[in-house]
Amino acid sequence: MKHVELECINCHTRIPLSKTVAGCPSCGEVILEARYDLSTIDVVQWLRDMENRPHSLWRFHEVLPILNTEHIVSLGEGDTPLIQSRALAASLGLKHLYIKDERQGPTASFKDRQATVAMSTLKELGVEEIVVASTGNVAISYGAYGARAGIKVWAFFPSLTPAEKMREAALYGVEVIKVTGTYDQTKELAARFAKRQGLFLDRGIKSVAAIEAMKTMAYEIAEQLGHIFNQGRRWRSPDWFIQGVSGGMGPIGAGKGFKEMFDFGLIDQMPKLAIVQSSGCAPMVEAYQRGQRIATPVEDPQTVIATLATGNPGRAYELLFDYAKEHGGAFVGVSDEEAFNATRIVARSDGISVEPAAGVAFAGLFKLVQDGVIKPNDVVVVNCSGHTMAVELQILEEDWQRHLDVSNRAHSPTMPQEGLISAIEQMDRQVKRIAVIEDNVDAARLVKRVLEARGAYEVHLAHDGESGLELVRRIRPELVITDLMMPGVDGFTLISTLTTDPTLNDMQIVVVTAKELTARERAWLKDQVDLLLQKGSAIDEDLVEMLVEKFE
Ligand SMILES: *Cc1c(COP(=O)(O)O)cnc(C)c1O
Ligand SMILES: [Zn+2]
């Protein structure tokens, strides 16, 4: 019989395994770690048995936080290949570069590990509905496993989430709630919604299941490297584990896995962790470079890589900081362009197509090799964390496609002129035209870039109220996104013109502002606009109310 307890990472109080406990009963610490007593297990026999178990991460169930294996909800996740890189390794001058191919999970990302463990533990608890905030992959994976477990999933997505990912989640029956706001705001909103509705909230990195799930990567890697380097006689850890990081669940879990194996005597050394972030949202990298153990949250992430948009890493960064101080490691920032470039290189050299978040890990690898931090003989494992579903346009170069028009020469009857025009018009009606009125040119461009990356929007910009009105009259958008503080005609005047002019008042209006609003201004805006978002501020009660009403 397996013996598992929870231990507070701060004061080391131990309590029995319980999946509802939200923190340490003695000191209030939010992170509790599972501790396993393997003294009753014959380790040699255990390792031998493991080789013959069915392929899934549940081969390691002795060190996973589930009491009864009948509750396991599985789709054959984990046990992903460790692929040796040839061409890429050669061009980097590395002898031992391995790619942990997490794309080969049931929903094509390493979130399948988290989903199988979380859903299994929830099933053990009897939970029937769960709320989660996600930039895409968690919701997709929870959707799939939720469907199998009979657990309903409510997923809250921030603005940046690619539409394809939301659709994939919807396909599994997930309740999709799109939030116009940052990932951190979305998490807060999801938490309030769960509380108000009395639903179970997925606590992400703060949940025991998530870290335990991710640690199975470390077990698999040690086993796989053991086969490669020691003919399977003894497990082996790499010198480096590299990952594109958002909240830090992957490296924290992997770090815990290596530590456990080290303590059990299964491996001889601890690997260094390389934490790579998108430089537009790199709170961990910035704090580490300043030598700080506490990260300053990034309020307004400037990256189009939604998967890595955690602005406030909280306690997770402290754990990674401590790990780096004890065992070594690196924190690296890479630009979105560097990540897209790395994505192309990996696809063309080793035949592996990854999503941008994994491209970030490879871009970090390139930097660490160039800077001489990673040495030619080091054994390096890159967490190839996810697959790009539909290739996002920005990954490709401008001229990725060649177009040949042979319609004039075709023998089919030529399309009548009227037919062509009406086809174009119909297409045009499907396009969502959006006017963005914002005096900060960079901010406006970012919004445009992000929206247009979805492909379905036609975005027009104006940088003051007067030209904004002109633009709206000319293009008649379905949606107007406006700031309030602008030179000349300000946002308030603009909005009252839009809402009182009968030829314009069918447009939806979203206000995004950094302005401190008086109660009167806020009340007035609430009547006039469809959504009011305050930059950098916490989600307000109105938005929560609105959501709760909408879904009741
Ligand atoms: C979630 C995710 C990440 C980031 O994971 P963390 O370890 O929680 O920071 C990276 N890549 C992909 C594909 C992901 O889905
Ligand atoms: Zn404690």
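Here's what I pulled together on the structure shown here. What you see is a predicted model; the values in this text were computed from it and never measured.

The rules behind the values
Residues numbered from 1 in each chain as written. Chains lettered and ligands numbered in written order. Predicted model: local features only at pLDDT ≥ 70, side-chain atom pairs only at ≥ 80, totals over all residues. Heavy atoms only, no water. Axes fitted to C-alpha atoms, helices over the stretch in contact; angles between N-to-C directions. Helix = DSSP H or I, 4+ residues; strand = E, 2+ residues; numbered from the N terminus. Left-handed = near helix turned anticlockwise from the far one by under 90°. Contact = heavy atoms within 4.5 Å. Donors = N, O, S within 2.8 Å, 3.2 Å for Na, K, Ca; no water. Buried < 20%, exposed > 50% of the residue type's maximum accessible area, 1.4 Å probe, protein only. Arc of directions from axis to C-beta. Near = heavy atom within 4 Å. Polar contact = N/O pair within 3.5 Å; in protein donor to acceptor, adjacent residues only side chain to side chain. Areas by Shrake-Rupley, 256 points an atom, 1.4 Å probe, with all protein chains shown as cover. Nonpolar A, V, L, I, M, F, W, Y, C, P; charged D, E, K, R; others polar. Salt bridge = Lys/Arg side-chain N within 4 Å of Asp/Glu carboxyl O. Phe/Tyr/Trp six-rings, centres within 6.5 Å; stacked < 30°, edge-to-face > 60°. Lys NZ or Arg CZ within 6 Å of the ring centre and 35° of its normal. Core = buried A, V, L, I, M, F, W, Y, C linked by side-chain atoms within 4.5 Å. Pairing = 2+ DSSP bridges. Expected span 1.5 Å × (residues − 1).

### Description of the packing of helix 16 (residues 491-500) against helix 17 (residues 519-528)
Part 1: At a closest axis distance of 11 Å, the pairing of helix 16 and helix 17 adopts a crossing angle of 30°. Where helix 16 crosses over helix 17, the two elements pack in a sense that is left-handed. Taking contact as the criterion, the partners of F492, I495, S496 and T499 in helix 16 are, on helix 17, E521, W524, L525 and Q528.

### Some details on the coordination of the zinc ion (ligand 2)
Part 1: Taken together, the protein ligands of the zinc ion (ligand 2) are C8 (SG), C11 (SG), C24 (SG) and C27 (SG), with distances of 2.2 to 2.3 Å.
Part 2: All donors to the zinc ion (ligand 2) come from one chain, and their sequence spacing reads C-x2-C-x12-C-x2-C. With a gap of 16 residues between them, C8 in strand 1 (residues 3-8) and C24 in the loop between strand 2 (14-16) and strand 3 (32-37) connect regions that are remote in the sequence.
Part 3: According to the relative accessible area criterion, C8 is buried, its value standing at 0%.
Part 4: What makes C24 buried here is its relative accessible area of 6%.

### Examining helix 5 (residues 163-171)
Part 1: Of the positions making up helix 5, those classed as buried are K165, M166 and A169. In a view along the axis of helix 5, the buried residues occupy a sector of 100°, so they form one face of it. More than 90 degrees from the buried face of helix 5, the exposed residues found are R167 and L171.
Part 2: On the buried face of helix 5, the contacting elements are helix 4 (137-149), strand 7 (152-157) and strand 8 (175-178).
Part 3: Just beyond helix 5, the residue with positive phi is G173, at close to 90°.

### Quick notes on unusual backbone geometry
Peptide bonds are, in most cases, trans, and in most cases residues other than glycine have a negative phi.
Part 1: With a phi close to 50°, Q231 is a non-glycine residue in the positive phi region.
Part 2: Note that Q231 resides in the loop between helix 7 (208-230) and strand 10 (240-244).
Part 3: If you check the backbone angles, R476 has positive phi at about 45° while not being a glycine.

### A word on the site of ligand 1
Part 1: K111, N137, S246, G250 and S385 are the nearest of the 18 residues found near ligand 1.
Part 2: G250 places a main-chain nitrogen or oxygen 2.6 Å from an oxygen atom of ligand 1.
Part 3: One of the side-chain N or O atoms of S385 is found 2.7 Å from a nitrogen atom in ligand 1.
Part 4: Against a free-state accessible area of 390 Å², the protein chains account for coverage of 97% of ligand 1.
Part 5: Those elements giving two or more residues to the shell around ligand 1 turn out to be strand 10 and helix 8 (249-264).
Part 6: Looking at the shell around ligand 1 element by element, the count peaks at three residues for helix 8.
Part 7: By residue class, the composition of the shell around ligand 1 is six nonpolar, 10 polar and two charged.

### Remarks on the pattern of salt bridges
Part 1: Inspection of every chain in the model, using the stated rule, returns 28 salt bridges.
Part 2: Here E220 makes a salt bridge to K100, at a shortest N to O gap of 2.8 Å. Taken together, the positions of E220 in helix 7 and K100 in strand 5 (residues 96-101) put the pair 120 residues apart, joining distant regions of the chain. In terms of burial, E220 and K100 fall into one category: buried.
Part 3: Where E220 meets R113, a salt bridge forms, and the shortest distance between an N and an O atom there is 2.9 Å. Here R113 lies in helix 3 (residues 111-125) and E220 lies in helix 7, a separation of 107 residues in the sequence.

### Some words on the packing of aromatic side chains
Part 1: According to the stated counting rule, one finds 10 aromatic pairs in the structure shown.
Part 2: Centroid distance Y317 to F321: 6.0 Å. Interplanar angle 65°. Geometry classified as edge-to-face. One end of the pair, Y317, and the other, F321, are both in helix 10 (residues 315-327), four residues apart, so they sit about a helical turn from each other.
Part 3: Accessibility expressed as a relative area gives 0% for Y317, which makes it buried.
Part 4: The exposure class assigned to F321 is buried, which follows from its relative accessible area of 9%.
Part 5: Where Y317 meets F331, the ring centres are 5.9 Å apart and the plane angle is 80°; that geometry is what we call edge-to-face. Of the two residues, Y317 is situated in helix 10 and F331 in strand 12 (residues 329-334); the sequence distance between them amounts to 14 residues.
Part 6: Through a chain of ring-to-ring contacts, the aromatic side chains of Y288, Y317, F321 and F331 assemble into a single cluster.
Part 7: In this structure, K187 is placed above the aromatic ring of Y183, and the distance from its NZ or CZ to the ring centre is 4.4 Å.
Part 8: The ring of F229 carries the charged tip of R236 above its face, separated from the ring centre by 4.5 Å.

### Focus: the nonpolar core
Part 1: Counting 58 residues, the largest nonpolar core has W235, F258, M261 and F331 as its most contacted members.
Part 2: Counting residues per element, this core draws most heavily on helix 7, which supplies 10 residues.
Part 3: Residue contacts for F258: discarding those within four places in its chain leaves A218, I221, S237, P238, I267, M270 and P271.
Part 4: Counting residues in hydrophobic clusters, the runner-up holds 36 residues, among them A89, V276, V380 and C384.

### A short note on the sheet that holds strand 12
Part 1: Sheet architecture is open: six strands sit in the order 4-5-13-10-11-12, paired in mixed fashion. Pairing within the sheet leaves two strands with one partner each, and these edge strands are strand 4 (82-84) and strand 12. On average, each strand axis in the sheet is tilted by 25° relative to the strand beside it, whichever way the strands run.
Part 2: Pairing of strand 10 with strand 13 (residues 379-384) involves three bridges; the strand directions are parallel. In the sheet register, W240 faces strand 13, and the bridge partner there is V380.

### Considering helix 11 (residues 336-350)
Part 1: In a regular helix each residue adds 1.5 Å, so 15 residues correspond to 21 Å; helix 11 covers 21 Å between its end C-alpha atoms and thus fits that length.
Part 2: For helix 11, the set of buried residues is D336, A339, F340, A342, T343, R344 and V346.
Part 3: Against helix 2 (87-92), strand 11 (272-278), strand 12 and helix 12 (356-370) lie the buried residues of helix 11.
Part 4: Just downstream of helix 11, G351 is the residue with a positive phi angle, here 70°.

On their own, these measurements won't tell you what the molecule is for.
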